[in-house]
Amino acid sequence: MSINIRMRGKSKGGVAEVKALIKHPMESGARMNKKTGKPYPAKFIDMVEIMVNDTKAVDAQWSGAVSANPYMAVQVKANAGDKITINLTDNTGEKGSESLTLK
Amino acid sequence: MKRRSFLKSTLATGAAVAAANAGLLTPSTVLADWNKKAFSAKSLDDALNGAYGSAAATASGDIKLKAPAIAENGAVTPITVDATGISGVESIAILASKNPMPLVCEYAFGAGALGYVSTRIKMGQTMDVIAVVKAGGKLLKAQQEVKVTIGGCGG
């Protein structure tokens, strides 16, 4: 199963704001399960990259302190017609990828 | 005989140098992986040292840090760091001062990106949010207190 990403982007004057909403529990590994007394196992997105036409523009690393179902917005230099791709990996190795062409 | 032992020792040194080189190369390849040292650090200084190799950041008015004065739900605290007013931004990190592990996220920017990040983070209690910007090899920071009325680490 891959991680679900919804993304939007709009270019204005050579700069595109790329927004993404990701469906993910972002379990830090510190939260206790009160019934068993053991922590819920960690499952959070740790690596995020944003590509503009196959060139890496943003390389991010996250911890489990990023909110569940993360929202992210960044700005990249891109024009209409450029392809933006988001690639994600979580600490269990699950991956997600989504791309769009700027209008 | 002497020459032989000389050769031997040179070879051994050569091997040692190669090993040292390999050792020196490892950290740079590890950098592409998740920075466990920085993210598992329990203090702000250790987190910054792990992420940037230095904890000496100077306060800058050019970083626009947008965070709520009061967060009703600490589990989803919207944070925006706008450093587009600074040239040559290489990286932005967001830290929550009193979280068990302060470093929340770190964004490295290539030539195709601007120094701007907006995200949502978890905060367990009232504390300072710190944005650290690396630009031109220097560390700059801005911070703001966020009052949390409901704890956020429960997710």
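Owing to the predicted nature of the structure, the values given are computational and were not obtained by experimental measurement.

Rules behind the numbers
- Sequence order sets the numbering: in each chain, residues are counted from 1 along the sequence as written.
- Going through the entries in the order they are written, you letter the chains from A and number the ligands from 1.
- Only residues with pLDDT of at least 70 get local features here, since the model is predicted, and only at 80 or more are side-chain atom pairs given and counted; chain-wide, interface and lining totals rely on the full set of residues.
- Hydrogens and water are ignored here; the side-chain numbers use all heavy atoms of the structure.
- A residue's pLDDT is the confidence the predictor assigns to it, expressed on a 0 to 100 scale.
- Two residues form a contact once any of their heavy atoms are found within 4.5 Å.
- Only DSSP runs of H or I reaching four residues or more are called helices, and only runs of E reaching two or more are called strands; each is numbered from the N terminus.
- Under the rule applied, a polar contact is a pair of N or O atoms within 3.5 Å (in protein, one hydrogen donor and one hydrogen acceptor; residues adjacent in sequence only if both atoms are side-chain atoms).
- A cavity here means a set of 1 Å grid points, computed over protein atoms only, where a 1.4 Å probe fits but cannot escape. A pocket is an open set with protein on both sides within 12 Å along at least 5 of 7 lines, and lining residues have an atom within 4 Å of a point.
- Grid points are joined across faces, edges and corners, and a volume is the space filled by probe spheres set on the points.
- We call Asp, Glu, Lys and Arg charged. Ala, Val, Leu, Ile, Met, Phe, Trp, Tyr, Cys and Pro are nonpolar, and the rest, Gly among them, are polar.
- Between 30 and 60 degrees the pair is tilted, below 30 it is stacked and above 60 it is edge-to-face, where a pair is any two Phe, Tyr or Trp rings, Trp via its six-membered ring, whose centres lie within 6.5 Å.
- Exposure classes here rest on a 1.4 Å probe applied to the protein chains alone. A residue is buried below 20% of its type maximum, exposed above 50%, and partly exposed in between.
- The term buried area means the drop in 1.4 Å probe accessible area that two parts suffer when joined, counted for both and summed.
- Salt bridge criterion: a side-chain nitrogen from Lys or Arg within 4 Å of a carboxyl oxygen from Asp or Glu.
- In this analysis, strands are considered paired if DSSP registers two or more bridges between them.

Residues and elements named next belong to chain B. The predicted model of chain B has a mean per-residue pLDDT of 84, with 76% of residues at 70 or higher. In this model residues 21-31 is a low-confidence stretch, pLDDT under 50, and it forms one contact with partners more than four residues away in sequence or in other chains. Two numbers describe this predicted complex: its pTM, 0.83, and its ipTM, 0.93.

Here A:Gln75 lies in strand β7 (residues 71-77). Separated by 3.4 Å, the side chains of A:Gln75 and A:Glu17 make a polar contact. In this structure A:Gln75 touches A:Val15, A:Ala16, A:Glu17, B:Thr84, B:Ala113, B:Leu114 and B:Tyr116, once residues within four positions along its chain are discounted.

Its volume calculated, the largest pocket comes out at about 340 Å³. Every residue lining the largest pocket is counted, 16 residues in all, and those nearest its centre are A:Ser28, A:Ala30, A:Gly64, A:Ala65 and B:Met101. Residues that form the lining of the largest pocket fall into these classes: eight nonpolar, five polar and three charged.

As enumerated under the stated definition, the model contains two aromatic pairs over all chains in all. Residues A:Phe44 and B:Trp34 carry aromatic rings whose centres are separated by 5.6 Å and whose planes lie at 55 degrees to one another, so their mutual orientation is tilted. Of the two residues, A:Phe44 sits in the loop between β4 (38-39) and β5 (45-52) while B:Trp34 sits in the loop between α1 (2-30) and α2 (36-40), which places them in two different chains. Looking at A:Phe44, the relative accessible area reads 8%, which means it is buried. With a centroid separation of 4.9 Å and an interplanar angle of 5 degrees, the aromatic rings of B:Trp34 and B:Phe39 are classed as stacked. The exposure class of B:Phe39 is buried, given its relative accessible area of 2%.

Right, let's get into the interface of chain B and chain A. Facing 33 residues of chain B, the contacting portion of chain A comprises 30 residues. Broken down residue by residue, the surface that chain B buries against chain A is led by B:Trp34, B:Arg120 and B:Lys122, which jointly contribute 26%. Where chain B packs against chain A, one counts zero salt bridges. At the junction of chain B and chain A, the tally comes to 22 residue pairs in polar contact (both at pLDDT 80 or more). Breaking the side of chain B that touches chain A down by element, the ones donating at least two residues are β6 (103-109) and β7 (113-121) of chain B. With eight residues, the top contributor of residues to the side of chain B that touches chain A is β7(B). Looking at the side of chain B that touches chain A residue by residue, the classes come out as 19 nonpolar, ten polar and four charged. Relative to β7(B), β7(A) runs antiparallel, the two sharing four bridges. Directly across from A:Ala73, in β7(B), lies its bridge partner B:Ser118.

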